[in-house]
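One letter stands for each residue in the lines below.
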Amino acid sequence: MERLLKGTTAYKILSGDRALTRLSHAYMLDFQDEKNLFGALKIFALEFFGTTADTTLGARILNGSFPDCKFYPQDGKKLNADAVSEILEDSVLRPVEGNKKLYVISGFESASALLQNKLLKTLEEPVEGIHFLLGACSLSPVLDTVKSRVKILSVAPFTERQIFEALERQGKNELNAVAAQSSGGILGNAENMVSGGWFEEVLKASEEICSSARTEDYGAIALKYADIKYKNELLCEMQRLYFSLLKDGERAKKYKLCTHSLVFALEKLNGAFADMRFNANFQGLLYDFMLEVAKENKKWQRLQQ
C-alpha cells in the first residue's frame, strides 16, 4: 500500500506542501478503499511530519504515543459526539513537542451533519500550528461547507497492473491476477478476494453460469447458486467476465457468444443489479438471465447464417 500511495498525485501534493513549508490547515483524503483508509491516513500522517515508520518519531506516531498526532475514532467505529468534543477541547492547545499538531479523522463521511458542523469553525479558524487530516471513502456525504475549508487530496483507483503487483508483493496466489481484474482499482477489494475461499466459489459459479449452452441445464444451475452468500459479488464477476470476452474475441468464440449477445448480457446484468435492490428471487433472476441471453444469442446466430 505504501508504494502505491507514494506514487499518487495526492501524496506528492502533501509532500510538496511540507517541503515548501506551506502545509494547509486541513486536508481531506478522498480514498475509496474502506479497508485501507485508516492505514493510508497513517502513511500521509508520517509524510506530514516528514518522517518514516522506521524512525523513533514514526514509530511513536504509528503506535499513538506522539502527543502531537492524534487519531480518531480510536475505537475503530464511527466518529461520535464525545470524540468531537475531545478534539475541540484539545485543539485550542498548542503543540507539545514541535510547532504543529495533527488530528487525523478516518471515515469522516460517516459523521453526522451535526458533528461535521461542530468541527466547522475549528476547520475554518484553527489555532496556530493546529492541522487536520480527514479521510473519507466518498465525498458525497461530506458537507459542502466542510469541503470548501479543506484541501482535497483525491486518490484515483489504481490500475489492474498496480493492484496485481501489490498483491504479488504480499504473497504469490493463483487468484491475484483475476482479483486485480475484478477489484475496480481498489486494493482492499482485491485483498478481500484472495484472502477468502468465497472468491473461488464466485469464480466457479460465474464461469458455469456464463458458459452453459444447454437450456435444459439452466434450472439446475439456477437452483445450485440460488442461496450463494455473495450474490452481488457473483453478478460483478459475471460482469467482469463478459467485459473480458468483449475484449478477447478468440476467447468469446469458446463461449459461443457473439458481440451482440455479450452487450445484451451486460445490459441484462445492469437490470439484475437493480432487481437485487428490490429483493428479487435470485434463483429466478439467474434462470431468466441465462434463458434470455441464450435466446438473444440464437437470434444473432440465425441472422449471421
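On a predicted model such as this, the values are computed, not experimentally measured, just so you know. (Residues numbered from 1 in each chain as written. Predicted model: local features only at pLDDT ≥ 70, side-chain atom pairs only at ≥ 80, totals over all residues. Heavy atoms only, no water.)

1. Side note on a nonpolar patch on the surface
Taken together, the side chains of Phe243, Leu246 and Val263 define a hydrophobic patch exposed on the protein surface, amounting to about 240 Å² of accessible area. Residue class for Leu246 comes out partly exposed when judged on its relative accessible area of 32%. (Patch = residues over 30% accessible without salt bridge, like charges linked within 9 Å, V, L, I, M, F, W, Y side chains within 5 Å. Areas by Shrake-Rupley, 256 points an atom, 1.4 Å probe, with all protein chains shown as cover. Salt bridge = Lys/Arg side-chain N within 4 Å of Asp/Glu carboxyl O. Buried < 20%, exposed > 50% of the residue type's maximum accessible area, 1.4 Å probe, protein only.)

2. Side note on the sheet that holds strand β2 (residues 69-72)
Read from one edge of the open sheet, five strands run β2-β3-β4-β1-β5, paired in parallel fashion. Since the sheet does not close on itself, it has two edges, and those belong to β2 and β5 (151-155), each with one partner. On average, adjacent strands in this sheet sit at an angle of 15 degrees to one another, irrespective of strand direction. Strand direction decides the pairing type here: strand β1 (residues 26-31) and β5, joined by five bridges, are parallel. Paired with Phe31 across the two strands is Val155, which belongs to β5. Its contacts with the sheet put helix α3 (residues 37-48) on β1, β2, β3 (101-105), β4 (130-136) and β5, and the angle it makes with β4 is roughly 155 degrees. (Pairing = 2+ DSSP bridges. Helix = DSSP H or I, 4+ residues; strand = E, 2+ residues; numbered from the N terminus. Axes fitted to C-alpha atoms, helices over the stretch in contact; angles between N-to-C directions. Contact = heavy atoms within 4.5 Å.)

3. Details of the environment of Thr21
Mapped onto the elements, Thr21 comes out in the loop between α2 (9-19) and β1. Expressed as a C-alpha distance, the spacing of Thr21 and Lys70, which sit 49 residues apart in the sequence, is 21 Å.

4. What to know about empty space enclosed by the protein
Tallied over the entire structure, the rule returns one cavity of 30 Å³ or more. If you add up the space inside the largest cavity, you get close to 40 Å³. Tallied by class, residues from the lining of the largest cavity come to seven nonpolar, two polar and one charged. (1 Å grid on protein atoms, 1.4 Å probe; cavity = no way out; pocket = protein on both sides within 12 Å on 5 of 7 lines; lining within 4 Å. Points joined across faces, edges and corners; volume = space filled by probe spheres on them. Nonpolar A, V, L, I, M, F, W, Y, C, P; charged D, E, K, R; others polar.)

5. Looking at the packing of aromatic side chains
Applying the stated criterion across every chain, the model contains eight aromatic pairs. Where Tyr11 meets Phe44, the ring centres are 5.5 Å apart and the plane angle is 80 degrees; that geometry is what we call edge-to-face. Of this pair, Tyr11 sits in helix α2 while Phe44 sits in helix α3; the two residues are 33 residues apart in sequence, bridging distant segments of the chain. The burial state of Tyr11 is the same as that of Phe44; both residues are buried. (Phe/Tyr/Trp six-rings, centres within 6.5 Å; stacked < 30°, edge-to-face > 60°.)

6. Considering the pattern of salt bridges
Tallied over the full model, the rule gives 19 salt bridges. The residue Arg60 makes a salt bridge to Glu97 at a minimum N-O spacing of 2.7 Å. Of this pair, Arg60 sits in helix α4 (residues 56-63) while Glu97 sits in the loop between α5 (81-90) and β3, and the two are 37 residues apart along the sequence. What makes Arg60 partly exposed here is its relative accessible area of 25%. Under the relative-accessibility criterion, Glu97 is labelled partly exposed at 46%. Three or more residues are tied together by salt bridges with common partners; here these are Asp17, Arg22 and Lys151.

7. Considering the nonpolar core
Counting residues in each nonpolar core, the largest one holds 75 residues, and the members touching the most others are Leu29, Phe44, Cys69, Leu235 and Tyr242. With near-sequence residues (within four places) excluded, Phe44 lies in contact with Leu5, Thr8, Ala10, Tyr11, Leu14, Leu29, Leu133 and Leu153. (Core = buried A, V, L, I, M, F, W, Y, C linked by side-chain atoms within 4.5 Å.)

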